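A look at the structure
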Amino acid sequence: MRIDRADVIVTSPGRNFVTLKITTSDGVVGYGDATLNGRELAVAGYLRDHVAALLIGRDAHNIEDTWQYLYRGGYWRRGPVTMAAIAAVDTALWDIKAKAAGMPLYQLLGGESRERCRVYGHASGRELPELFDSIRAHLELGFTAIRVQTGVPGLPSVYGVAASLASGDGGGRYDYEPARRSARPAEEVWDTRAYLRHVPSVFEAVRHEFGPELALLHDAHHRLTPIQAARLGKTLEPYDLFWLEDVTPAENQEALRLVRSHTTTPLAIGEVFNTIWDYQTLISEQLIDYVRSPVTHAGGITGVRRIMDFAAMYQIKSGMHGPTDVSPVGMSASVHLGLALHNFGIQEYMLHDERTNAVFGPTVEFADGGLRPSQEPGLGIHFDERLAEKYPYEPAYLPTNRLLDGTVHDW
Ligand code: GCO
Ligand code: MG
């Protein structure tokens, strides 16, 4: 089954997406997600200018050889752009292989390990009343696990808090799209001490209002030093979080040793990571409880499955990233893999915009607090190229962040 074409499609139905479409000599088509929020054109160019031509004539069935050829053949190792490009190729080839086999992808990955992949949604609110409404709305939608993000007194805007209760541009209620359409990133202001003073009181109020059972998650979004992260983990222990995410920048994986020594709050790390090497210490020293890398960012099905098999040795589970900037193709691939993984933990799920779903088709089914992938052969993607053309790329960037004294800080 020879690869005849590799087409890169950039479209922006609700937000920017990059999709790779591989077509074989037998006419079988596979799709991969190559979306890297705020750097979409870098991955599109990497695929168009440096990868697509190398794929033509290769056997579509040779997924592992193609992965190694692109990883080692690129010479320059790792990184979000390279690994998103490799992820898109890998995912498209797995889509093709499953279609050729006439089965949904998860069947090729070991079949069902569970009925569906439990998900968590994003509730947010500038203040408690708005936050409580958002939590209730997610409970009504059937979520059994909810991420809680809140405003911070004195700060005009904070990561994770929807600017309004409804996006008004076709998105769903309480959605939160962090990338903003502009020629330059917005700048936000951050005050760690105000945040650390405020967050425990928010979870105290949420537990008082919604009880002890509801699975609550929180994302610190890389903003704390290790000792501040240790303090937050410790102060949140009474509220029994499902996980505390990205508590401190983890390029220095050893920083989590200090955090781990102070708190039993479960830790999730890795949405900005893209290879198994980024987890070597985190996993081998059991410094985390959940691996955040999704199929889209960490070398595809092949890359993430390798990380998760390593993680399984240390009883660490998956917690794949699943915001709106993981496209329905990437979400479908993560759910197919998640359904088969023994050490699946939970899947992040932000409902995509109606325009997005019109272009990509319904790829996952949300019910009973979880997701099931399509039962069609492959990933179950129905990509409408003509409709996609109606949504040209628009520059959009994630915000940047500064401390009160103007120092650049992690956003
Ligand atoms: C999450 C992430 C997102 C990212 C966004 C970047 O936990 O879902 O932190 O909110 O900020 O996906 O593109
Ligand atoms: Mg996050």
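Residues numbered from 1 in each chain as written. Chains lettered and ligands numbered in written order. Predicted model: local features only at pLDDT ≥ 70, side-chain atom pairs only at ≥ 80, totals over all residues. Heavy atoms only, no water.

Under an unreviewed UniProt entry, the name given to the protein is D-mannonate dehydratase, and the organism recorded is Saccharopolyspora dendranthemae.

What follows covers the nonpolar core. In a soluble, globular protein the nonpolar side chains are often hidden away together inside. Of all hydrophobic cores here, the largest spans 115 residues; its most connected members are Ile22 and Leu47. Mapping this core onto the domain boundaries places at least three of its residues in each of domain 1 (2-102) and domain 2 (109-381 + 395-409). Those residues in contact with Ile22 that lie beyond four places of it in its chain are Ile3, Arg5, Ala6, Val28, Val29, Gly30, Leu55, Val89, Ala92, Leu93 and Ile96. Of all hydrophobic cores here, the second largest spans 9 residues; its members include Ala145, Leu217, Phe242 and Tyr290. (Core = buried A, V, L, I, M, F, W, Y, C linked by side-chain atoms within 4.5 Å. Buried < 20%, exposed > 50% of the residue type's maximum accessible area, 1.4 Å probe, protein only. Domains from an automatic or database assignment. Contact = heavy atoms within 4.5 Å.)

Looking at the metal site, the magnesium ion (ligand 2) is ligated by Asp219 (OD), Glu245 (OE) and Glu271 (OE), spaced 2.0 to 2.1 Å from it. Counting the intervening residues between successive donors of the magnesium ion (ligand 2) yields the motif D-x25-E-x25-E. Of this pair, Glu245 sits in strand E9 (residues 243-245) while Glu271 sits in the loop between strand E10 (267-269) and helix H9 (280-284); the two residues are 26 residues apart in sequence, bridging distant segments of the chain. By relative accessible area, Glu271 is classed as buried at 11%. (Donors = N, O, S within 2.8 Å, 3.2 Å for Na, K, Ca; no water. Helix = DSSP H or I, 4+ residues; strand = E, 2+ residues; numbered from the N terminus.)

Let's shift gears to the site of ligand 1. In the vicinity of ligand 1, 16 residues are found, and the nearest of them are Asn37, Tyr159, His221, Glu271 and Glu348. Arg147 places a side-chain nitrogen or oxygen 3.2 Å from an oxygen atom of ligand 1. At 3.1 Å, a side-chain N or O of His321 approaches an oxygen atom of ligand 1. For ligand 1, whose unbound accessible area comes to 340 Å², protein coverage reaches 96%. Here the shell around ligand 1 is built from residues that sort into 5 nonpolar, 4 polar and 7 charged. (Near = heavy atom within 4 Å. Polar contact = N/O pair within 3.5 Å; in protein donor to acceptor, adjacent residues only side chain to side chain. Areas by Shrake-Rupley, 256 points an atom, 1.4 Å probe, with all protein chains shown as cover. Nonpolar A, V, L, I, M, F, W, Y, C, P; charged D, E, K, R; others polar.)

Taken together, the 3 strands give an open sheet; going across it, the order is E1-E2-E3, and neighbouring strands pair in antiparallel fashion. In this open sheet, the two strands that pair with only one neighbour each are strand E1 (3-11) and strand E3 (29-33). In this sheet, neighbouring strand axes are inclined to one another by 20 degrees on average, regardless of whether the strands run parallel or antiparallel. The pairing of strand E2 (residues 17-24) with E3 spans 5 bridges and is antiparallel. Across the sheet, Lys21 pairs through a bridge with Tyr31, a residue of E3. Docked against the sheet, helix H1 (residues 40-55) engages E1 and E2, running at close to 170 degrees with respect to E1. Set on the sheet, helix H11 (residues 328-340) makes contact with E2 and E3; between it and E3 the angle comes to about 95 degrees. (Pairing = 2+ DSSP bridges. Axes fitted to C-alpha atoms, helices over the stretch in contact; angles between N-to-C directions.)

On to the pattern of salt bridges. Inspection of the entire model under this criterion finds 25 salt bridges. Here Arg402 ties to Glu187 by a salt bridge, and the two come within 3.1 Å at their closest N and O atoms. Placement of the pair is Arg402 in strand E17 (residues 400-403) and Glu187 in strand E7 (residues 187-190), with a sequence separation of 215 residues. Under the relative-accessibility criterion, Glu187 is labelled exposed at 51%. Close ionic contact of Glu348 with Arg292 constitutes a salt bridge, the shortest N to O distance being 2.6 Å. One end of the pair, Glu348, is in strand E13 (residues 347-348); the other, Arg292, is in the loop between strand E11 (290-291) and helix H10 (300-312), and 56 residues separate them in sequence. For the pair Glu348 and Arg292, one class covers both residues: buried. Through salt bridges with shared partners, one network takes in Glu245, Glu271, Arg292 and Glu348. (Salt bridge = Lys/Arg side-chain N within 4 Å of Asp/Glu carboxyl O.)

Within the chain, Tyr75 stands out as a residue other than glycine whose phi angle is a positive 70 degrees. In this fold, Tyr75 is placed in the loop between helix H2 (63-73) and helix H3 (80-101). By relative accessible area, which is 59% here, Tyr75 ends up exposed. Within the chain, His222 stands out as a residue other than glycine whose phi angle is a positive 70 degrees. Relative to the elements of secondary structure, His222 occurs in the loop between strand E8 (215-219) and helix H7 (226-235). When its relative accessible area of 12% is taken as the criterion, His222 is described as buried.

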